[in-house]
Amino acid sequence: MIDYHIHTNISADCKVPVRLMAQAARDAGLKEVGFSEHIDLGVPVGPDFTVDFAAYEAAFEQTRREFPELNMRRGIEAGLDLRYKDEIAALLNAHPCDFVIGSLHLVFGHDPYYKDIWQQYSKREIYDEYMRLSLETARSCDYYDILGHLGYIGKFCPFEDKMLRYDEYADAVDELLKTLIERGKALEVNTGGLCMTPSTMPETAIIRRYYELGGELLTVGSDAHYESAVGHAVAETLDGLKSIGFRYVCAFDSRKPQHIKIP
Ligand SMILES: [Zn+2]
Ligand SMILES: [Zn+2]
């Protein structure tokens, strides 16, 4: 079992040390884990999402020695943001890691985690803009290997129907998935929304469409920010991927995808 989206106290919004997250992964029966620490420049509110690379490397290496049975990879979750595209690319070049999840966290300059965006814009405006930005950043940014949590806004949407639905955005989603396939970028299946939304991000219809279009690079991640979330719902999600037709998910080593057979 594998979990390729785990945060630790190297991320500004997580308090749990690398060691304890690794221990939780081992206890959950995981064999392969990817840590994905936040870099988001220019966020309007909340903590400063930068990474202390020296501290990250030190904690990671120390933990790797303690858990030799766990295959650990050092990754980054970098905000997809055209304003900071060159700065983020330079940071990642200066500090090589195993994989980079590119995640869109801001819509109209707001993090949908906070209430203000939902008060200032209609749901339709927010979802339209999220989809437009997802496509624009997936095309224009080149510093990521994996597109993170497509449909992220649904996690915080205060309305009943939360999911970013394939039916509603079929053309734009198709364009986005084709862009990822052409560019050799992976698609993440994120289980972190499952406590708030009825499906993974993206929803199953989008994952199925990715398969139909010939997509072969998938990662699975819990987006854990605390120990009990490590590996959450990964087993069921892998079963679901298998029933769509996928035989492999991806791990990454030095930014190169490796296929791992779904058990
Ligand atoms: Zn994220
Ligand atoms: Zn995350």
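Before reading on, note that the structure itself is shown above.
The rules behind the values
- Residues numbered from 1 in each chain as written.
- Chains lettered and ligands numbered in written order.
- Predicted model: local features only at pLDDT ≥ 70, side-chain atom pairs only at ≥ 80, totals over all residues.
- Heavy atoms only, no water.
- Helix = DSSP H or I, 4+ residues; strand = E, 2+ residues; numbered from the N terminus.
- Rg over C-alpha atoms; globule rule 2.2 N^0.38 Å.
- Buried < 20%, exposed > 50% of the residue type's maximum accessible area, 1.4 Å probe, protein only.
- Contact = heavy atoms within 4.5 Å.
- Areas by Shrake-Rupley, 256 points an atom, 1.4 Å probe, with all protein chains shown as cover.
- Phe/Tyr/Trp six-rings, centres within 6.5 Å; stacked < 30°, edge-to-face > 60°.
- Lys NZ or Arg CZ within 6 Å of the ring centre and 35° of its normal.
- Donors = N, O, S within 2.8 Å, 3.2 Å for Na, K, Ca; no water.
- Pairing = 2+ DSSP bridges.
- Axes fitted to C-alpha atoms, helices over the stretch in contact; angles between N-to-C directions.
- Core = buried A, V, L, I, M, F, W, Y, C linked by side-chain atoms within 4.5 Å.
- Polar contact = N/O pair within 3.5 Å; in protein donor to acceptor, adjacent residues only side chain to side chain.
- Parallel < 35°, antiparallel > 145°, perpendicular 65-115°, else oblique.
- Left-handed = near helix turned anticlockwise from the far one by under 90°.
- Nonpolar A, V, L, I, M, F, W, Y, C, P; charged D, E, K, R; others polar.

So, the overall build of the protein
For the protein, the count of helices and strands is eight helices and nine strands. On C-alpha atoms alone, the protein measures out to a radius of gyration of 17 Å, which is about the 18 Å that the 2.2 N^0.38 rule sets for 263 residues. Dimensions of the protein, computed from the C-alpha atoms along their principal axes, are close to 50 × 40 × 35 Å. Per-residue burial over the protein gives 54% buried out of 263 residues. Contacts spanning at least 24 positions in sequence make up 73% of the contacts within the protein whose residues lie at least 6 apart. Entry remark: accessible area of the protein is about 11400 Å², with carbon and sulfur atoms responsible for 49%.

With respect to the packing of aromatic side chains
For the structure on display, the rule yields eleven aromatic pairs. For the pair Tyr113 and Phe156, a centre-to-centre distance of 5.4 Å together with 85° between the ring planes defines the contact as edge-to-face. Linking Tyr113 in the loop between β4 (99–103) and α4 (116–120) with Phe156 in the loop between β5 (146–147) and α6 (170–183), this pair joins segments that are 43 residues apart in sequence. For Lys123, the ring lying beneath its charged end belongs to Tyr127, and the centroid distance is 5.2 Å. Seen from the ring of Tyr144, Lys185 lies directly overhead, with NZ or CZ sitting 4.7 Å from the centre.

Here's the deal with the coordination of the zinc ion (ligand 1)
Coordination of the zinc ion (ligand 1) by the protein involves Glu77 (OE), His105 (NE2) and His149 (NE2), with metal-donor separations of 2.1 Å. Read in sequence order, the donor residues for the zinc ion (ligand 1) give the motif E-x27-H-x43-H. Taken as a pair, the zinc ion (ligand 1) and the zinc ion (ligand 2) show a spacing of 3.5 Å, with Glu77 coordinating each metal. Highlighted residues: Glu77 in strand β3 (residues 71–79) and His149 in the loop between β5 and α6, separated in sequence by 72 residues. Judged on exposure class, the residue Glu77 and its partner His149 are both buried.

A short note on the side chain of Thr63
If you trace the backbone, Thr63 turns up in helix α2 (residues 53–66). Given a relative accessible area of 1%, Thr63 falls into the buried group.

Description of unusual backbone geometry
The amide bond that connects Met201 to the next residue, Pro202, takes the cis arrangement and shows omega of -5°. Of note, Pro202 is situated in the loop between β6 (186–190) and α7 (204–212). With phi around 60°, Asp223 is a residue other than glycine that occupies positive phi space.

What about the sheet that holds strand β1 (residues 2–6)?
Spatial strand order, β1-β2-β3-β4-β5-β6-β7: seven strands in an open sheet with parallel pairing. Each edge of the sheet is formed by a strand with only one pairing partner; in this case those strands are β1 and β7 (218–221). The pairing of β3 with β4 spans five bridges and is classified as parallel. Paired with Gly75 across the strands is Phe99, a residue of β4. Packing of helix α8 (residues 234–244) onto the sheet brings it into contact with β1, β6 and β7, and relative to β7 it is tilted by some 155°.

With respect to the coordination of the zinc ion (ligand 2)
Note on metal sites: the ideal angle is 109.5 degrees for four tetrahedral donors, and 90 or 180 degrees for six octahedral donors. Looking at the zinc ion (ligand 2), one finds its protein donor set to be His5 (NE2), His7 (NE2), Glu77 (OE) and Asp223 (OD), positioned 2.1 to 2.2 Å from the metal centre. All donors to the zinc ion (ligand 2) come from one chain, and their sequence spacing reads H-x1-H-x69-E-x145-D.

Points about the nonpolar core
Core analysis: the largest hydrophobic core is formed by 82 residues, its most contacted members being Phe35, Ile76 and Leu241. Among the elements that make up this core, the one with the highest residue count is helix α5 (residues 123–140) (seven residues). For Ile76, the contacting residues outside a window of four places in its chain are Phe35, Ser36, Glu37, Ile39, Val51, Phe53, Tyr56, Leu92, Cys97, Phe99, Val100 and Ile101.

Looking at the environment of Arg73
Checked against the element boundaries, Arg73 lands in strand β3. For Arg73 and Asn9, which are 64 residues apart along the polypeptide, the C-alpha to C-alpha distance reads 16 Å. At 3.4 Å, the side chain of Arg73 and the backbone oxygen of Phe252 are in polar contact.

Some thoughts on the packing of α5 against α6
One can describe the packing of α5 onto α6 by two numbers: an axis separation of 10 Å at closest approach and a directional angle of 15°. Comparing the axis directions of α5 and α6 gives the class roughly parallel. The two elements α5 and α6 meet at a crossing, and its hand is left-handed. Only Ala172, Val173, Glu175, Leu176, Thr179, Leu180 and Arg183 of α6 make contact with α5, whose side of the interface consists of Met131, Ser134, Leu135, Ala138, Arg139 and Ser140. Across the contact of α5 with α6, the residue classes tally to seven nonpolar, three polar and three charged.

Treat this as a map of the structure, not an account of what it does.
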